[in-house]
Amino acid sequence: EPEVTQTPSHQVTQMGQEVILRCVPISNHLYFYWYRQILGQKVEFLVSFYNNEISEKSEIFDDQFSVERPDGSNFTLKIRSTKLEDSAMYFCASSDVETQYFGPGTRLLVL
Amino acid sequence: QKEVEQNSGPLSVPEGAIASLNCTYSDRGSQSFFWYRQYSGKSPELIMSIYSNGDKEDGRFTAQLNKASQYVSLLIRDSQPSDSATYLCAVRSGGYNKLIFGAGTRLAVHP
């Protein structure tokens, strides 16, 4: 069964460093998303991406964040200068039209 | 602010019993409703989607939607210890695909 994959599973970084989280969505899906979940809190929407552009973003998704689909398979989230409060699980999801399927997540720890 | 509310639990049920999980949402324009299961440290896993008023059954799971009351529920019949997890209600509103999640209800099924 097709699934969303994410790398790395864990990432530890120093405050102020750049990180890139990678995702491979399900192959025939057209919509891609990033969500995050701070430990013990809700899953929060960050950004959605369709037809090679951002279709919606949340207030969390400020200028420090960017997304890219550099080729036909990968979908990346870049955080330019990480802050302590960026520590969270980051989930990539993809959908055909309605139903979103989530990847296993990347646990990001900013020290 | 569009919100999705769930009781945090824990909801404790004996093995074999019916577990009933509830969710309310604030945006009357919401169109699609999803239940995800999340084991500790893992990503959300889709259980069911529901789009129209009434009941929808899939195996041991039944989702119920009442748009007039802005209420969604999930029933789990013949609960098993392996059902012990946090159940997330998610709602899609408006013309965009982003999901708004509730905080989740923790279910504990004891033998």
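Conventions and cut-offs
Residues numbered from 1 in each chain as written. Chains lettered and ligands numbered in written order. Predicted model: local features only at pLDDT ≥ 70, side-chain atom pairs only at ≥ 80, totals over all residues. Heavy atoms only, no water. Pairing = 2+ DSSP bridges. Helix = DSSP H or I, 4+ residues; strand = E, 2+ residues; numbered from the N terminus. Buried < 20%, exposed > 50% of the residue type's maximum accessible area, 1.4 Å probe, protein only. Phe/Tyr/Trp six-rings, centres within 6.5 Å; stacked < 30°, edge-to-face > 60°. Axes fitted to C-alpha atoms, helices over the stretch in contact; angles between N-to-C directions.

### Some details on the sheet that holds strand β7 (residues 61–66) of chain B
Residue and element names in this part refer to chain B.
Moving on, step 1. Judged by pairing direction, the sheet is antiparallel, and its five strands sit side by side in the order β1-β3-β8-β7-β6 without closing on themselves. Of all strands in the sheet, those with a lone pairing partner are β1 (4–5) and β6 (54–58), marking the two edges.
Moving on, step 2. Bridge analysis of strand β3 (residues 19–25) against strand β8 (residues 71–76) gives six bridges, and the strand direction is antiparallel. Residue pairing in the sheet places Ser 20 in a bridge with Leu 75 of β8.

### What to know about the environment of Ser 69 of chain B
Moving on, step 1. Considering the arrangement of structural elements, one finds Ser 69 of chain B in the loop between β7 and β8.
Moving on, step 2. For Ser 69 of chain B, a relative accessible area of 48% corresponds to the partly exposed category.

### Points about the packing of aromatic side chains
Moving on, step 1. The tally for this structure, following the rule as stated, stands at 16 aromatic pairs over all chains.
Moving on, step 2. Following the ring pairs from residue to residue traces out a cluster consisting of Tyr 33, Tyr 35, Phe 45, Phe 91 and Phe 102 of chain A together with Phe 34, Tyr 36, Tyr 51 and Phe 101 of chain B.

### Here's the deal with the sheet that holds strand β7 (residues 65–68) of chain A
Residues and elements named next belong to chain A.
Moving on, step 1. The antiparallel open sheet is built from four strands, whose spatial order is β1-β3-β8-β7. With partners counted over all chains shown, the strands left at the sheet margins are β1 (5–7) and β7, one partner each. Within the sheet, the average angular offset between the axes of one strand and its neighbour, ignoring direction, is 20°.
Moving on, step 2. Examined bridge by bridge, strand β3 (residues 19–24) and strand β8 (residues 75–79) share five bridges and lie antiparallel to one another. Directly across from Cys 23, in β8, lies its bridge partner Phe 75.

### Considering the pairing of β8 of chain B
Here is the key point about a regular strand: its side chains alternate between the two faces of the sheet.
All names here are of chain B.
Moving on, step 1. Judged from the six bridges that link them, β7 and β8 form a sheet pairing that is antiparallel. For Leu 65, the partnering residue across the bridge sits in β8 and is Val 72.
Moving on, step 2. Between the antiparallel neighbours β7 and β8 lie four residues, among them Gln 70 with a positive phi of about 55°.

### Here we look at unusual backbone geometry
Moving on, step 1. Residue Thr 7 of chain A is joined to Pro 8 of chain A through a cis peptide bond whose omega torsion reads -10°.
Moving on, step 2. Relative to the assigned elements, Pro 8 of chain A resides in the loop between β1 and β2 (10–13).
Moving on, step 3. Even without being glycine, Gln 70 of chain B reaches a positive phi, approximately 55°.
Moving on, step 4. The residue Gln 70 of chain B is located in the loop between β7 and β8 in this model.
Moving on, step 5. Note on Gln 70 of chain B: relative accessible area 12%, which makes it buried.
Moving on, step 6. A positive phi is found at Asp 78 of chain B, a non-glycine position, where the angle reads about 50°.
Moving on, step 7. Along the chain, the position of Asp 78 of chain B falls in the loop between β8 and β9 (85–93).

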